[in-house]
Amino acid sequence: MCSIIRELCALATWFNLKHATSKAIVTALAIPSDVSVLFLLSIPNSVKQQLLSSASLLIYTPRNEHLGIVPLEAMLARVPVLATSRNGL
């Protein structure tokens, strides 16, 4: 697991949020419903569109990316984006 995911998991734990990480949709579907934060490491476009259509907020945290497509996709789906004040955003 990359260091950013480890940091995000540590933050979720610090805030007493039950969390899980999944590398595939199949394993994500088996995660209990009481998990409040789910980190999906790679998802197909069709699943991404479904998630964005039901999202209340997208949190964007990359350190070395000037302007990624993820916040643009979220904004296109009318989902607010919370991003760091570093880099292009």
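Everything below is about the structure printed above this text.
Anyway, here's the lowdown on the structure attached to this text. The structure displayed is predicted, hence computed values, not measured ones. (Residues numbered from 1 in each chain as written. Predicted model: local features only at pLDDT ≥ 70, side-chain atom pairs only at ≥ 80, totals over all residues. Heavy atoms only, no water.)

Digging into the overall build of the protein chain
Alright, step 1. Each helix and strand counted, the protein chain has 4 helices and 4 strands in total.
Alright, step 2. Ordering the α and β elements of the protein chain from the N terminus gives α-β-α-β-α-β-α-β.
Alright, step 3. In terms of C-alpha radius of gyration, the protein chain reaches 13 Å, essentially the compact-globule figure of 12 Å for 89 residues.
Alright, step 4. If you line up the protein chain on its principal axes, its C-alpha atoms span 35 × 30 × 20 Å.
Alright, step 5. With 89 residues in all, the protein chain has 20% of them scored as buried.
Alright, step 6. Accessible area for the protein chain stands at about 6600 Å²; split by element, carbon and sulfur atoms hold 60% of it. (Helix = DSSP H or I, 4+ residues; strand = E, 2+ residues; numbered from the N terminus. Rg over C-alpha atoms; globule rule 2.2 N^0.38 Å. Buried < 20%, exposed > 50% of the residue type's maximum accessible area, 1.4 Å probe, protein only. Areas by Shrake-Rupley, 256 points an atom, 1.4 Å probe, with all protein chains shown as cover.)

Remarks on the packing of aromatic side chains
Describing an aromatic ring pair means giving the distance of the ring centres and the angle of the ring planes.
Alright, step 1. Applying the stated rule across the entire model yields 1 aromatic pair.
Alright, step 2. With a centroid separation of 4.7 Å and an interplanar angle of 90 degrees, the aromatic rings of Trp 14 and Phe 15 are classed as edge-to-face.
Alright, step 3. Under the relative-accessibility criterion, Phe 15 is labelled exposed at 52%. (Phe/Tyr/Trp six-rings, centres within 6.5 Å; stacked < 30°, edge-to-face > 60°.)

Concerning the layout of surface pockets
Alright, step 1. Size it by volume and the largest pocket reaches roughly 1400 Å³.
Alright, step 2. Residue lining of the largest pocket: 35 residues in total, with Leu 38, Phe 39, Leu 40, Leu 58 and Ile 59 positioned closest to the centre.
Alright, step 3. Here the lining of the largest pocket is composed, by residue class, of 25 nonpolar, 7 polar and 3 charged. (1 Å grid on protein atoms, 1.4 Å probe; cavity = no way out; pocket = protein on both sides within 12 Å on 5 of 7 lines; lining within 4 Å. Points joined across faces, edges and corners; volume = space filled by probe spheres on them. Nonpolar A, V, L, I, M, F, W, Y, C, P; charged D, E, K, R; others polar.)

Limitation: the analysis is restricted to geometry and does not speak to function.
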